[in-house]
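Architecture at a glance
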Amino acid sequence: MITDEKNSPVPMAHIALYDSFKGAVSDANGMFELCGLVHDSVQIVVGHTSFYPQTIWVFKSKNEELNVKLQLKVLNTKEIEVVAHQKSIVSSYIPGKLNLSNKDILSIPGFMGSPDVLRSLQLLPGMQSVSEGNSGIYVRGGSPGQNYVLFDDIELMNPTHLMGIYSVFNPLLTDRVEFFKGNAPVHQSSRLASSILVSTQNRKTEESNWAGNIGNIITNLTYTGASSDNKWFFSTGFRRSYLDVLGYMAQPFLSDEDNYFKSNQYNFYDWNGKLNYSIGNSNLSLSWYLGNDHFFMTNEKHRVESFSDWGNQGVALVWKYLFKPNLSMNNTVSYSGYQSDFGAELEDGNMRFKTDYQQLQLKNSFVCTVGNSIWRWGMDASIYNVTPQNLEIAYVENSDYRLNEYTSLAVKPFLSNQYALNDQWTIYGGLALMYYKVQNVSGTSGQNTNDKAQIKPNVVSSVSYHPSHSSSVKASYAFNTQNIHLASIASIPLPSDIWMPSTTNLPLEFGHQFTLGYFKFLEKYNIQWGVEAYAKWMKNQLLLKLNVNNVEVEQFDENFYRGEAMAWGSEFYLNKQKGQFNFTVGYTLGWTKQRFDGINDGEWHDAKYDRRHDVNLQMTYQHNKKIDFGAVFIYASGNKATLPTGRYWIMGSIANDYAGVNNYRMPSYHRLDLSMNYHLESKVFNESVLSFSIINLYNRSNAYYIYYAIEGGEKDYEMSIKAKQVSLFPIMPSVSWRFKF
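The numbers attached to residues start from 1 for each chain and follow its sequence in the written order. With pLDDT at 70 or above as the cut-off, local features in this predicted model cover only qualifying residues; side-chain atom pairs require 80 or more to be listed or tallied, and sums for whole chains, interfaces and linings still use all residues. Excluded from the side-chain calculations are hydrogens and water; all other atoms, namely the structure's heavy atoms, are used.

Let us look at the overall build of the protein. The helix and strand inventory of the protein stands at five helices and 44 strands. Of all intrachain contacts in the protein linking residues separated by at least 6 positions in sequence, the fraction that spans at least 24 positions is 63%. Here the open area of atoms and residues is found with the Shrake-Rupley method and a 1.4 Å probe, where only the protein chains shown may cover a residue. For the protein, the computed accessible surface area is about 35,000 Å², with 56% contributed by carbon and sulfur atoms. Strands are runs of DSSP state E lasting at least two residues, helices are runs of H or I lasting at least four, and both sets are numbered from the N terminus onward. The criterion used for residue contact is that any of the two residues' heavy atoms lie within 4.5 Å.

Below, the discussion takes up the packing of aromatic side chains. Paired rings are identified among Phe, Tyr and Trp, the last through its six-membered ring, by centres lying within 6.5 Å, and are further divided according to the angle between planes into stacked (under 30 degrees), edge-to-face (over 60) and tilted (the rest). Scanning the model with the defined rule gives 30 aromatic pairs in all. A centroid spacing of 6.1 Å and a plane angle of 70 degrees characterise the contact between Phe510 and Trp537, whose relative ring orientation is edge-to-face. Highlighted residues: Phe510 in strand E29 (residues 509-522) and Trp537 in strand E30 (residues 527-544), separated in sequence by 27 residues. Under the scheme applied here, a residue whose accessible area is under 20% of the maximum for its type counts as buried, over 50% as exposed, and between as partly exposed, the area being computed with a 1.4 Å probe on protein chains only. Relative accessible area serves as the criterion here: at 14%, Phe510 is assigned to the buried category. Residue classification places Trp537 among the partly exposed positions, given a relative accessible area of 31%.

Let's shift gears to the environment of Tyr419. Within the fold, Tyr419 resides in strand E23 (residues 399-420). Here Tyr419 falls in the partly exposed class, since its relative accessible area comes to 30%. Distance from Tyr419 to Val370, taken between C-alpha atoms, is 9.6 Å for residues 49 residues apart in sequence. Excluding residues within four positions of it along the chain, Tyr419 makes contact with Asn372, Ser373, Trp425, Thr426 and Ile427.

Among buried residues, the Ala, Val, Leu, Ile, Met, Phe, Trp, Tyr and Cys ones that are joined through side-chain atoms within 4.5 Å form a nonpolar core. Counting 34 residues, the largest nonpolar core has Leu162, Tyr166, Tyr266, Tyr357, Ile498, Met500 and Phe560 as the members making the most contacts within it. For this core, the secondary structure elements donating two or more residues are strand E17 (264-279), strand E21 (349-370), strand E22 (373-395), E23, strand E24 (425-443), strand E27 (484-487), strand E28 (498-501) and E30. Broken down by element, this core gets its largest block of residues, four residues, from E24. With 28 residues, the next largest nonpolar core counts Leu118, Val168, Val198 and Phe521 among its residues.

For two strands to pair, DSSP has to find at least two bridges joining them. Pairing of strand E4 (residues 41-48) with strand E5 (residues 51-59) involves seven bridges; the strand directions are antiparallel. By the bridge assignment for E5, Gln43 is matched with Trp57.

Right, let's talk about the sheet that holds strand E12 (residues 174-180) for a bit. Read across the sheet, five strands follow the order E7-E12-E13-E8-E9 without closing on themselves; strand pairing throughout is mixed. Both edges of this open sheet fall to strand E7 (97-101) and strand E9 (154-155), since each of them pairs with a single strand only. Alignment of strand E8 (residues 147-151) against E9, held across two bridges, turns out to be antiparallel. Note on E9: the bridge partner recorded for Phe151 is Ile154.

What follows covers the side chain of Asn702. In this structure, Asn702 sits in the loop between strand E41 (687-695) and strand E42 (705-711). Judged by its relative accessible area of 2%, Asn702 falls in the buried class. Two N or O atoms count as a polar contact when they lie within 3.5 Å, although within protein this holds only if one can serve as hydrogen donor and the other as acceptor, and sequence-adjacent residues are included solely when both atoms are side-chain atoms. At a separation of 3.1 Å, a polar atom in the side chain of Asn702 contacts the main-chain amide nitrogen of His670. Side-chain polar atoms of Asn702 contact the side chain of Arg700, separated by 3.2 Å.

The sheet built from four strands is open, its strands ordered E3-E2-E4-E5 with antiparallel pairing. In this open sheet, the two edge strands, each paired with only one partner strand, are strand E3 (23-25) and E5. Going from strand to strand, the sheet's axes swing by 20 degrees on average, the running direction of each strand aside. To get an axis, a line is fitted to the C-alpha atoms, and for a helix only the part in contact is used. The angle between two axes follows their N-to-C directions and goes from 0 to 180 degrees.

The next point concerns the pairing of strand E34 (residues 613-622). Here strand E32 (residues 581-596) pairs with E34 via nine bridges, running antiparallel. The residue of E34 that forms the bridge with Thr588 is Asp614. In sequence, E34 turns back onto strand E35 (residues 627-636) through a hairpin of four residues.

Here we take up a nonpolar patch on the surface. Residues Trp232, Leu275, Leu284, Leu286, Val315, Leu317, Trp319, Val333, Leu360, Leu362 and Ile383 make up a contiguous nonpolar surface patch of roughly 920 Å² in combined accessible area. A total of three residues in the nonpolar patch trace back to one element, the largest contributor, which is strand E19 (residues 304-324). Locating Leu317 in the fold gives a position in strand E19. Residues enter a patch when their relative accessible area is above 30% and they make no salt bridge; the linking distance is 9 Å between like charges and 5 Å between nonpolar side chains (Val, Leu, Ile, Met, Phe, Trp, Tyr). By convention in these notes, a salt bridge is any Lys or Arg side-chain nitrogen within 4 Å of a carboxyl oxygen on Asp or Glu.

Another aspect to go through is the environment of Gly511. By the secondary structure assignment, Gly511 is in strand E29. Sequence spacing of Gly511 and Trp537 is 26 residues, and the spatial spacing of their C-alpha atoms is 5.4 Å. Setting aside its immediate chain neighbours within four residues, Gly511 contacts Leu192, Ala478, Phe479, Asn480, Trp537 and Met538.

What follows deals with the environment of Pro325. On the secondary structure map, Pro325 appears in the loop between E19 and strand E20 (327-346). For Pro325, a relative accessible area of 31% gives the class partly exposed. Considering only alpha carbons, one finds Pro325 and Met31, 294 residues apart in sequence, at a separation of 7.3 Å.

Moving on to unusual backbone geometry. Of note, the phi angle at Asp153 is positive, near 70 degrees, even though the residue is not glycine. Not every positive phi belongs to a glycine, and Asn696 is a case in point at roughly 60 degrees. Considering the arrangement of structural elements, one finds Asn696 in the loop between E41 and E42. Taking relative accessible area as the criterion, Asn696 reaches 2% and is therefore assigned buried.

Let us look at the confidence of the model for the protein. Of the residues in the protein, 80% have a pLDDT of 70 or more, and the chain-wide mean is 82. A score between 0 and 100, pLDDT records how confident the predictor is in each residue. Note on residues 396-400: pLDDT under 50 across the span, and six contacts to partners over four residues away in sequence or across chains.

In total, this model carries 19 salt bridges according to the counting rule given. For the salt bridge of Asp614 with Arg611, the shortest nitrogen-to-oxygen distance reads 3.9 Å. Judged by relative accessible area, which is 5%, Asp614 ranks as buried. Looking at Arg611, the relative accessible area reads 6%, which means it is buried.

We now examine the side chain of Gln361. Within the fold, Gln361 resides in strand E21. Among the polar contacts listed, one links the side chain of Gln361 to the side chain of Ser382, at a separation of 3.1 Å. Other than its neighbours up to four places away in sequence, Gln361 contacts Thr332, Val333, Ser334, Asp380, Ala381 and Ser382.

Shown next as structure tokens:
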């Protein structure tokens, strides 16, 4: 354990073997682990930028607790510059893992003046770039419902605001992001495509208490504070958009008909925070999240009003206890919920569609270091209460109401081991057993509690070989399951998707994934690069079956197609993070296919999120202490869409002719974003930064969707058909102010 002179833990201290390339970094409690020690006695060096380094001898035979007390540096200098670099893609024992820091997130040009965590992730290889109005997260051919998103131990089902333009994560409070592309350790695997673990700050790192960002459409304000003895830490942040305010501001100048933001109102907010308490060997933290989006649209001419509300909420209580330096325990009790509500009021009736997802989870795990092994074991238990469809339809003369509610239980015990054979070889193996059962089904279609329990293993294994300290070869295999399905009911940008729990008719989704990669760090140029190849096959995929013939069904889970999908491709990653000029290049070449009985004659076809090429380039340049520049260029092959290949007259009506599903590739998506940060000198603020950005510099009209306009010809059966494209975001300059005090 690493502590200071006041016995407070020292996080981020670097521990390294004196004559080896092995090392570790202390965690928030000052704890660290060193594996693969071959000799009985070793010499280690403990260092930190704020403390004097210490060199000590460690003897394995003594088997005693190691406590290192560091002495604080007292320096009188004009300026100290600390430059650090982490060879994460080389040193990590799991392929497909990438990390983001708070600095990485804030360095990317912000959309409408606001930096964003999710948009930073979408620049990494393996995750598809953003599209016009698309809120989904697509990783290595997986669907949006196959991502496990954990925010301070709170699972979030829809982590986006404003149709995917912003994420729900507060960028000013985010400390780090861990991104696993389908190869996460078994205790962090709960979906087929990826695990995205977002952590906010759990300790005070600077003198500033207040921080904020004022952009074109969002205001963000955060507070962090700690007690004098550093036992208590508190942080919270609140964000609110004010697009709806523009409608009221424009009232004196525009009529209600011309005032777009008055008839089409949109706003969102989120509030999250953390309370952390440390005493002795215990650490207790309470985290929470609350957020909601609201959209309202009215058309007086056609007498139509529609609205959509969606949001997440959750809370997590975490207790960590250190029994001794090589044995710790972690307990988590959490609640998470997601709701969406879409409705429309028409002249002759109205409709309302609601979905509701709630989860109560208990997680317990132990970590024990024995020799060169790190053992982890525990169990997760969850109770789900899901209403995938709460549909109300009312007409002038009659009404219809349908409701289905599912209560289910999932239990997942797990065991894993990370073993360092020597300085070159590290292997990891994890095994979990998924037990899942629907406890009760209720609704207007009757009750059914005859669902059988489903039991499937989860397996994650990887091997890492380091021929030198600057290169590595990694391979992994993962067999994962998930007990919740996401099925889209329409290709509209609102969160109208159905979260459907697994049942006997809709078994657990499962998938195999193989990954092989080579990674290299060029010390002379401070550049790291890597190339990975992946292949995956997924079973029990879901697609909504439109009941156009009004066929009577006994249970709601009979309204879906079941199918399979496969994806394969390769990724290239190049990164430089030292000096005035830094850059990151990511390129993905991939294929995604799917097949459903009853669709496209049961043949394999491209998925709608199939993209052949995906290129992301991010650059930053530090001109001087006051001015820095940033640029992001994105290029991606268009998504697939189903469009008619012809039209014909039949009994006086126009009919469409289609040649397969997803038969058309949309135009390529590309744009260039630029930004400049100007750091102001201030006696009041510890940090004051003006950020100028331009999104879509060359005004590219990227396709939101394509439709066909049909003109005239009814008398002589002649048609004039023109394809038209709808785009959302033209060139958009913005300015924002980020501050700390």
